[in-house]
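Geometric and topological summary
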Amino acid sequence: MDSAVLGLTAQQVLGLGVDQVVKRVVERLNVRELDRVWLHLDLDVLDEKILPAVDSPGGPGLDFMQVSELLTNLVHGGRVLGLDVTVYDPELDPGTKYANSIVECLVRGLV
């Protein structure tokens, strides 16, 4: 069954590269004739060495720059109506060591 959701693992994104992932997303949107979508970003796509304060840390994963680049290309394409960012667990981040990196990543990708 062909899902309406395009879900990609961190490993798939790493293997394809940011440009190819964006191309696949745009192709899927075109096929489905969608001009507005909601983007879900699960922060456990980041490598556990970069962000261990998530529910399911793992590797290999993306780095903050790759996530920012993905966001920039997807959001500035004009079709993303909104997004949610999930899985950061501040209880796993004493002193909020990783919080600033997350915010900087989002700012770079969204502004």
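Within each chain, residues carry numbers counting from 1 in the order of the written sequence. At least 70 in pLDDT is required for a residue's local features to be given in this predicted model, at least 80 for side-chain atom pairs to be given and counted, and no such filter applies to totals for whole chains, interfaces and linings, which use all residues. To obtain the side-chain values, all non-hydrogen atoms of the structure were used and water was disregarded.

**Some points on the overall build of the chain**
The number of helices and strands found in the chain is four helices and two strands. Labels follow the DSSP assignment, with helices taken as runs of H or I lasting at least four residues and strands as runs of E lasting at least two, numbered in each case from the N terminus. The N-to-C order of helical and strand elements in the chain reads α-α-β-α-β-α. Since a compact globule built from 111 residues should have a radius of gyration of about 13 Å, the 14 Å found for the chain is in line with a globular shape. Seen through its C-alpha atoms, the chain measures out along the principal axes to roughly 45 × 30 × 20 Å. Residues classed as buried in the chain amount to 33% of the 111 residues present. We compute the radius of gyration over the C-alpha atoms and compare it with the globule rule, which gives 2.2 Å times the number of residues raised to the power 0.38. Partly exposed describes any residue whose relative accessible area lies between the buried limit of under 20% and the exposed limit of over 50%, with all areas from a 1.4 Å probe on protein chains only and scaled to the type maximum.

**Here we look at helix α2 (residues 18-31)**
Along an α-helix, a turn takes 3.6 residues, which lines up residues three or four apart on a common side. Helices are assigned an expected span. That span is 1.5 Å times one less than the residue count. Over its 14 residues, α2 extends 20 Å from the first C-alpha to the last, a length consistent with the 20 Å expected when each residue adds 1.5 Å. Residues Val-18, Val-21, Val-22, Val-25, Arg-28 and Leu-29 constitute the buried set of α2. The arc enclosing the buried residues of α2, seen along the axis, measures out at 125°, which places them on a common side. Exposed residues on α2 whose side chains face more than 90 degrees from its buried face are Asp-19 and Val-31. Contacts: residue pairs with any heavy atoms within 4.5 Å of one another. Buried residues belonging to α2 abut α1 (10-16), β1 (37-42) and α3 (64-75). Along the arc lie the directions from the helix axis toward the C-beta atoms.

**Concerning the packing of α2 against α3**
Their axes nearest at 10 Å, the elements α2 and α3 cross at an angle of 35°. The interaxial crossing formed by α2 with α3 has right-handed handedness. Taken together, the residues of α3 that come into contact with α2 (itself represented by Val-18, Asp-19, Val-21, Val-22 and Val-25) are Gln-66, Glu-69, Leu-70, Asn-73 and Leu-74. Within the contact of α2 with α3, the residues separate by chemical class into six nonpolar, two polar and two charged. All axes here are fitted lines through C-alpha atoms, helices being fitted over the stretch that makes contact, and every angle between N-to-C directions spans 0 to 180 degrees. Should the near helix be turned anticlockwise from the far one by less than a right angle, the crossing is left-handed, and should it be turned clockwise, the crossing is right-handed. Classification convention: Asp, Glu, Lys, Arg as charged; Ala, Val, Leu, Ile, Met, Phe, Trp, Tyr, Cys, Pro as nonpolar; all other residues, Gly among them, as polar.

**Looking at α3**
For α3, spanning twelve residues, the distance from its first C-alpha to its last is 16 Å, which sits close to the expected 16 Å at 1.5 Å a residue. All of the buried residues in α3 are Phe-64, Val-67, Ser-68, Leu-70, Leu-71, Leu-74 and Val-75. Angular distribution of buried residues about the axis of α3 spans 160°; they occupy a single face of the element. Among the structural elements, α1, α2, β1, β2 (80-86) and α4 (99-110) are those in contact with the buried residues of α3. Structurally, the start of α3 carries an N-cap: the backbone nitrogen of Met-65 is 3.1 Å from a side-chain oxygen of Asp-63. Under this definition, polar contacts are N or O atom pairs within 3.5 Å; protein pairs additionally need one hydrogen-donor-capable and one acceptor-capable atom, and for neighbouring residues in sequence, both atoms have to be side-chain atoms.

**Some remarks on the nonpolar core**
The nonpolar side chains of a soluble globular protein tend to be buried, and buried together. The term nonpolar core refers to a set of buried residues drawn from Ala, Val, Leu, Ile, Met, Phe, Trp, Tyr and Cys, joined through side-chain atoms within 4.5 Å. Leu-41, Leu-43, Leu-51, Leu-62, Val-67 and Leu-70 are the most contacted members of the largest nonpolar core, which totals 29 residues. Only α1, α2, β1, α3 and α4 provide two or more residues apiece to this core. Element by element, the count of residues in this core is highest for α3, at six residues.

**Digging into a nonpolar patch on the surface**
A surface patch of nonpolar side chains, amounting to about 360 Å² of accessible area, comprises Val-103, Val-107, Leu-110 and Val-111. Of note, Leu-110 is situated in helix α4. Exposure above 30% relative accessible area and the absence of a salt bridge qualify a residue for a patch, where like charges join within 9 Å and nonpolar side chains (Val, Leu, Ile, Met, Phe, Trp, Tyr) within 5 Å. Surface exposure here means Shrake-Rupley accessible area, sampled with a 1.4 Å probe, where a residue is shielded only by the protein chains that are shown. The working definition used for a salt bridge is a side-chain nitrogen of Lys or Arg within 4 Å of a carboxyl oxygen of Asp or Glu.

Geometric values such as these leave the question of function open.
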